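Spelled out, the chains give:
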Amino acid sequence: MSQKAETVESTGAGGPEIEIRGLHKSFGDNEVLRGIDLEVARGEVVCVIGPSGSGKSTLLRCVNLLEEPSAGQVFVGGTEVTDLDVDIDAVRRRIGMVFQQFNLFPHVNVTENLTLPQRRVLRRNKSRAAAVARENLERVGLSDKADAYPAQLSGGQQQRVAIARALSMGPEVMLFDEPTSALDPELVGEVLAVMRLLAAEGMTMMVVTHEMSFAREVADRVVFMDGGVIVEQGPAAQVVGAPQHERTRNFLTRIL
Ligand code: ADP
Ligand code: MG
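Procedures and definitions
Residues numbered from 1 in each chain as written. Chains lettered and ligands numbered in written order. Predicted model: local features only at pLDDT ≥ 70, side-chain atom pairs only at ≥ 80, totals over all residues. Heavy atoms only, no water. Buried < 20%, exposed > 50% of the residue type's maximum accessible area, 1.4 Å probe, protein only. Helix = DSSP H or I, 4+ residues; strand = E, 2+ residues; numbered from the N terminus. Pairing = 2+ DSSP bridges. Axes fitted to C-alpha atoms, helices over the stretch in contact; angles between N-to-C directions. Contact = heavy atoms within 4.5 Å. Salt bridge = Lys/Arg side-chain N within 4 Å of Asp/Glu carboxyl O. 1 Å grid on protein atoms, 1.4 Å probe; cavity = no way out; pocket = protein on both sides within 12 Å on 5 of 7 lines; lining within 4 Å. Points joined across faces, edges and corners; volume = space filled by probe spheres on them. Nonpolar A, V, L, I, M, F, W, Y, C, P; charged D, E, K, R; others polar. UniProt positions renumbered as here; feature names shortened; annotations may be inferred. Phe/Tyr/Trp six-rings, centres within 6.5 Å; stacked < 30°, edge-to-face > 60°. Lys NZ or Arg CZ within 6 Å of the ring centre and 35° of its normal. Near = heavy atom within 4 Å. Polar contact = N/O pair within 3.5 Å; in protein donor to acceptor, adjacent residues only side chain to side chain. Areas by Shrake-Rupley, 256 points an atom, 1.4 Å probe, with all protein chains shown as cover.

In regular strands, side chains alternate between the two faces of the sheet. Among the 6 residues that make up strand S9 (residues 221–226), 6 are buried, leaving the element largely enclosed by the rest of the structure. Of the two faces of S9, the one carrying Arg221, Val223 and Met225 and the one carrying Val222, Phe224 and Asp226 are both buried. Bridge analysis of strand S3 (residues 45–49) against S9 gives 4 bridges, and the strand direction is parallel. Bridge assignment links Cys47 to a residue of S9, and that residue is Val222.

Structure representation (structure tokens):
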């Protein structure tokens, strides 16, 4: 590990795990995020909902610097990730991300999907990486698929492998971008069950989802975005059950 990586320390004990201040993001003259302020406490589960194109994915991608914010600050565990001097790789190691498309490595088996990033990025030795892989496959209920190749698995199983792969890196925070949107309906439940388990274990999570039952049951807070701003936020019972804003009501009538 580089000298720099070791100096990236969590200084935010007691503070929010994720803090987003005045975040703006433009693509050319398209201003996609127009001033987002959001804090996520340690162990909190925040669901982000909103129409297509409202900036939900861009928001998540700015948290782990897959997109570079145009203005504003993002802190994870007290470290400013938008600081130009920060070691991006060290930051990303603390943040797991799961996408709609599972993005598994197709040419290696499930175990190698979990061990390769640990070996390359964390420099773990083979036996340690394998042990962590076994532990996390068990966590997502796929111990029996260790030797399978991605193409031999259902979409739900592939997404659970993708979650196990992210967990194998030991993240402090997990970001989920519509993790069940590409799945056949009968496979959604098994992925949500794994996410429920993580929430119950105390993982800090930001979840972009249209699964309102998950939001109601698991989210500590629901954030509704439209047009690059947070229109309203609060407990699911409030935002989903009794929305204050016309735009939120319109969105919910369309998806429920
Ligand atoms: P959501 O996830 O809520 O559907 P996105 O964050 O994906 O919204 O996109 C918001 C807007 O940003 C869209 O208009 C989209 O076309 C635009 N956008 C997203 N990523 C890029 C990119 N890499 N380059 C140009 N425009 C982008
Ligand atoms: Mg999106």
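In space, the 6 strands of this open sheet follow the order S6-S7-S8-S3-S9-S10, with mixed pairing throughout. Each end of this open sheet is capped by a strand with a single partner; those strands are strand S6 (95–98) and strand S10 (229–234). Taking the axes of each pair of neighbouring strands and ignoring which way they run, one obtains an average angle of 20 degrees across the sheet. For S3 and strand S8 (residues 204–208), the ladder comprises 4 bridges, and the chain directions are parallel. When the sheet's bridge partners are listed, Cys47 is paired in S8 with Val207. Running over the sheet, helix H6 (residues 155–167) touches S6 and strand S7 (173–177) and is turned about 170 degrees from S6.

It is worth spelling out the pairing of S3 at this point. The buried count for S3 comes to 5 of 5 residues, which makes it a mostly enclosed element. Side chains of S3 alternate between two faces, with Val45, Cys47 and Ile49 and Val46 and Val48 buried alike.

Quick look at the pattern of salt bridges now. Side-chain pairs of opposite charge can arise whenever the charged atoms involved come near each other. Evaluated as defined, the whole model comprises 11 salt bridges. One salt bridge in this structure joins Glu201 and Arg139, with 2.6 Å as the shortest N-O distance. Of this pair, Glu201 sits in the loop between helix H7 (185–200) and S8 while Arg139 sits in helix H5 (residues 126–139), and the two are 62 residues apart along the sequence. A salt bridge links Glu190 to Arg160; the shortest N-O distance between them is 2.6 Å. One end of the pair, Glu190, is in helix H7; the other, Arg160, is in helix H6, with 30 residues separating them in the sequence. Residue classification places Arg160 among the buried positions, given a relative accessible area of 11%.

This part is about the layout of surface pockets. Of the pockets and cavities examined, the largest pocket occupies roughly 530 Å³. Around the largest pocket, the lining is made up of 19 residues, and of these Arg92, Ile95, Gly96, Met97 and Met169 lie nearest the centre. Taken together, the residues of the lining of the largest pocket sort by class into 12 nonpolar, 3 polar and 4 charged.

What follows is about the UniProt feature "domain: ABC transporter" (unreviewed entry) in the chain. Sites flagged by UniProt as "domain: ABC transporter" (unreviewed entry) map to residues 18–252. Helix and strand shares over residues 18–252 are 37% and 26% respectively, and the end C-alpha atoms of the span are 27 Å apart.

Read across the open sheet, the 4 strands follow the order S2-S1-S4-S5; overall the sheet is antiparallel. Of all the strands in the sheet, the pair left with one neighbour each is strand S2 (30–40) and strand S5 (79–80). Set on the sheet, helix H2 (residues 56–63) makes contact with strand S1 (18–27), S2 and strand S4 (71–76); between it and S1 the angle comes to about 120 degrees.

Tallied over the entire structure, the rule returns 1 aromatic pair. Aromatic pair Phe224 and Phe251: ring centres 5.4 Å apart, planes at 40 degrees, arrangement tilted. With Phe224 in strand S9 and Phe251 in helix H10 (residues 246–255), this residue pair connects regions lying 27 residues apart in the sequence. Each member of the pair Phe224 and Phe251 is classed as buried. The ring of Phe105 carries the charged tip of Arg165 above its face, separated from the ring centre by 4.7 Å.

Okay, the site of ligand 1 next. Residues in contact with ligand 1, as listed here, are Phe27, Asn30, Val32, Pro51, Ser52, Gly53, Ser54, Gly55, Lys56, Ser57, Thr58 and Glu67. Here Gly53 contributes a backbone N or O atom positioned 2.7 Å from an oxygen atom of ligand 1. Within the side chain of Lys56, a nitrogen or oxygen atom sits 2.7 Å from an oxygen atom of ligand 1. Relative to its free-state accessible area of 560 Å², ligand 1 is covered by the protein chains to the extent of 59%. Residue assignment for the shell around ligand 1 shows that the elements contributing at least two residues are S2 and H2. Among the elements that make up the shell around ligand 1, the one with the highest residue count is H2 (3 residues).

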